[in-house]
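Take a look at the letters that make up each chain.
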Amino acid sequence: MDTIASYRQMGKNELRLALEELYADYAACLNDERFEDWPDFFIEKCLYKIVPRENFQRDLPLATMLCESRGYLLDRVQSIRKTHVFAPRVVRRLVSGIRPIGWQGDELECRADYAAFETLTDEFTRVFNVGRYLDRIVVDDGRLKFKEKVCVFDSNLVPNSLIYPL
Amino acid sequence: MDTLEPKQNGAARAWPQEGITRIPYFVYSDPAIYAKEQERIFRGPYWSYVALEAEIPKPGDYKRTFIGDRSVLVMRGTDGAINVVENRCAHRGVQICQQHLGNAPEIMCPYHQWTYDLKGDLIGVPFRRGVKGNGGMPADFDLAQHGLRKLAVTRRNGVVFASFGQPEPFEDYLGPKLIPLFDRIFDGRELKVLGYSRQLTPANWKLMFENIKDSYHASLLHVFLLSFGLNRVDNPTRMVIDKTGRHASAMSWRGEQKHTEATADMKSLLVDLKLNDPTMLQPVKEYAEYTICVMTLWPNLIIQQQSNTLAMRQLVTRGPGQFELAWTFFGYATDDEEMVKRRLRQANLMGPSGYVSIDDSEMMALAQAGIAPAPEEAAVIELGGRGWEEEIQHGVSENLIRGLYDYYRQVMEL
């Protein structure tokens with residue numbers, strides 16, 4: 001089992017490869033709509049937020065989506081499956097520019113850019129949400145998991161509704 | 001552009017003879033109707049919401065926003081007064097400001113650097129006297145005649161409204177039924193902005209007003225809302241309309257998560273629904289009366305108090321088939337840390353990702369998709385009767401929508 005020590009001893013290329021794999025798995029999980037698996041990318045005491053750029057820049061605390069624990073993530077999944085009423089859609093996320101910033105104790109700070117595309121019935125695929133991930137990653141149960149994932153999106157404006165996570 | 005002339009469109013542009021129990025679909029898609037709404041409603045003698053004073057506390061602070069599809073600037077002057085002007089240079093029509101919020105000692109158009117003070121008066125024009133005896137403005141060019149277009153402004157307990165026309169005083173504008181409900185939230189306490197959320201909904205702006213005034217859908221569409229008993233047709237409810245029909249407010253008390261006689265028709269009720277992390281929704285009592293109060297103020301504002309989430313939802317029209325909903329979430333300056341957290345957590349109910357409001361924006365988009373290709377058809381609004389009353393004590397009615405269209409028809413002469 002990989003431990004925090006083994007990750008901290010990794011060379012730059014090896015760590016990059018591990019992160020590439022993490023983000024690719026994360027995007028594939030959401031792109032494939034395996035939402036039930038999504039909370040497993042996070043530790044129990046986590047923070048997941050989707051935030052418009054204007055709030056982020058002005059230090060305004062409001063998030064478009066705020067999850068303060070893994071339970072909040074499960075609740076989002078529950079609502080996607082059971083309570084939200086919405087038109088069918090496909091959302092595909094592409095993650096790029098993954099760059100580790102550095103370790104702080106047992107936490108790895110990492111940033112990446114993302115673009116999400118949305119396809120609705122009768123419409124051509126459109127750019128839906130573009131922004132950056134500001135993440136804090138830890139080793140849990142032998143694998144890399146998110147302790148914190150903040151998605152700051154550029155446009156401020158959401159094309160109608162943001163239902164599936166980014 | 002399309003036209004309203006009967007010779008062009010004939011019966012398709014007449015309001016159905018059934019009156020306010022019908023809403024003809026052309027009012028949601030016709031560009032000529034939209035243009036008339038801009039002129040009569042958004043540039044008419046009505047108070048449009050533009051800002052909270054807490055957004056622009058200091059002299060020179062400004063906010064860029066919209067009334068209908070016109071961009072305006074809301075500015076705090078050096079004297080503390082709030083001035084609202086059109087965001088359009090008097091010279092060549094350039095939109096001067098592109099920042100949502102900022103601070104500046106004066107306003108300068110980037111194109112030819114015409115400069116205005118915080119009241120919108122023109123204070124400087126480059127090369128006014130010419131250069132080396134060449135050019136310049138005519139000798140009688142009067143700066144005072146070329147300021148930014150100024151709007152009438154009114155404020156009440158920290159909320160700022162503006163108008164292209166000259167409406168009656170705000171208290172009379174809202175009327176005696178709505179003023180106490182407005183003052184219930186805005187009681188003079190200092191407000192604190194928690195953040196913004198903006199969504200672009202592919203639907204006509206009126207559908208948003210109707211959605212809020214429509215208590216019929218709440219117990220049927222919103223699985224989350226009704227399963228947790230936050231808002232349901234069998235909860236105690238009060239609905240009021242001002243005497244004109246244009247403003248309204250819906251109030252209710254939270255009920256329990258269980259089946260009652262009224263839930264038989266609520267096919268989507270999930271009594272077993274539980275939150276994995278209940279901290280998201282642990283409201284505390286904040287006001288003496290009602291756990292929910294949602295007001296619709298003509299022509300562009302929804303004031304939402306759902307449990308402990310407070311938000312202004314400003315309607316910005318973007319053509320007949322699209323509107324922006326600009327949410328400003330706020331609390332009070334005196335809120336303690338726990339209350340701020342509570343408001344931020346409960347904000348998950350609202351906005352583009354709201355447990356409740358996702359359903360609404362999705363339905364509005366589907367409504368527009370159905371309506372737009374069928375301008376000759378009409379909606380049927382008969383739940384709870386065929387007229388409207390200023391006050392009812394239940395939500396099993398489309399009363400508020402009929403009130404709105406009674407007024408709309410007068411303003412639009414339709």
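Above this text sits the structure in question.
These numbers were taken from a predicted model, which means no experiment stands behind them.

Now, about the overall build of chain B: what can you tell me, with residues and values included?
On a plain count of helices and strands, chain B comes out with ten helices and 20 strands. In terms of C-alpha radius of gyration, chain B reaches 23 Å, essentially the compact-globule figure of 22 Å for 414 residues. Its C-alpha atoms give chain B principal-axis dimensions of about 85 × 60 × 35 Å. Counting over 414 residues, chain B shows a buried share of 59%. A fraction of 67% describes how many contacts in chain B between residues 6 or more apart in sequence connect residues 24 or more apart. Accessible surface for chain B amounts to roughly 16,600 Å². Of this, 50% is attributable to carbon and sulfur atoms. Each charge sign in chain B was given a centre, from 46 positive and 51 negative side chains, and these centres are 4 Å apart.

So what's going on with the interface of chain B and chain A? Residues and values would help.
With 41 residues of chain B at the interface, the matching set in chain A holds 34 residues. The junction of chain B with chain A conceals about 3,200 Å² of combined surface from both sides, 53% of it contributed by carbon and sulfur atoms. It is Ser353, Tyr355 and Glu362 of chain B that lose the most area in chain B upon contact with chain A, and together they represent 19% of the buried surface on that side. Linking chain B with chain A are three salt bridges. Measuring nitrogen to oxygen at the nearest pair gives 2.6 Å for the salt bridge that ties Arg198 of chain B to Glu54 of chain A. Inspection of the chain B/chain A interface yields 26 residue pairs in polar contact (both at pLDDT 80 or more).

Thresholds applied
Residues numbered from 1 in each chain as written. Chains lettered and ligands numbered in written order. Predicted model: local features only at pLDDT ≥ 70, side-chain atom pairs only at ≥ 80, totals over all residues. Heavy atoms only, no water. Helix = DSSP H or I, 4+ residues; strand = E, 2+ residues; numbered from the N terminus. Rg over C-alpha atoms; globule rule 2.2 N^0.38 Å. Buried < 20%, exposed > 50% of the residue type's maximum accessible area, 1.4 Å probe, protein only. Contact = heavy atoms within 4.5 Å. Areas by Shrake-Rupley, 256 points an atom, 1.4 Å probe, with all protein chains shown as cover. Lys, Arg positive; Asp, Glu negative; His and termini not counted. Charge placed at Lys NZ, Arg CZ, Asp CG, Glu CD. Buried area = accessible area lost by both parts, 1.4 Å probe. Salt bridge = Lys/Arg side-chain N within 4 Å of Asp/Glu carboxyl O. Polar contact = N/O pair within 3.5 Å; in protein donor to acceptor, adjacent residues only side chain to side chain.

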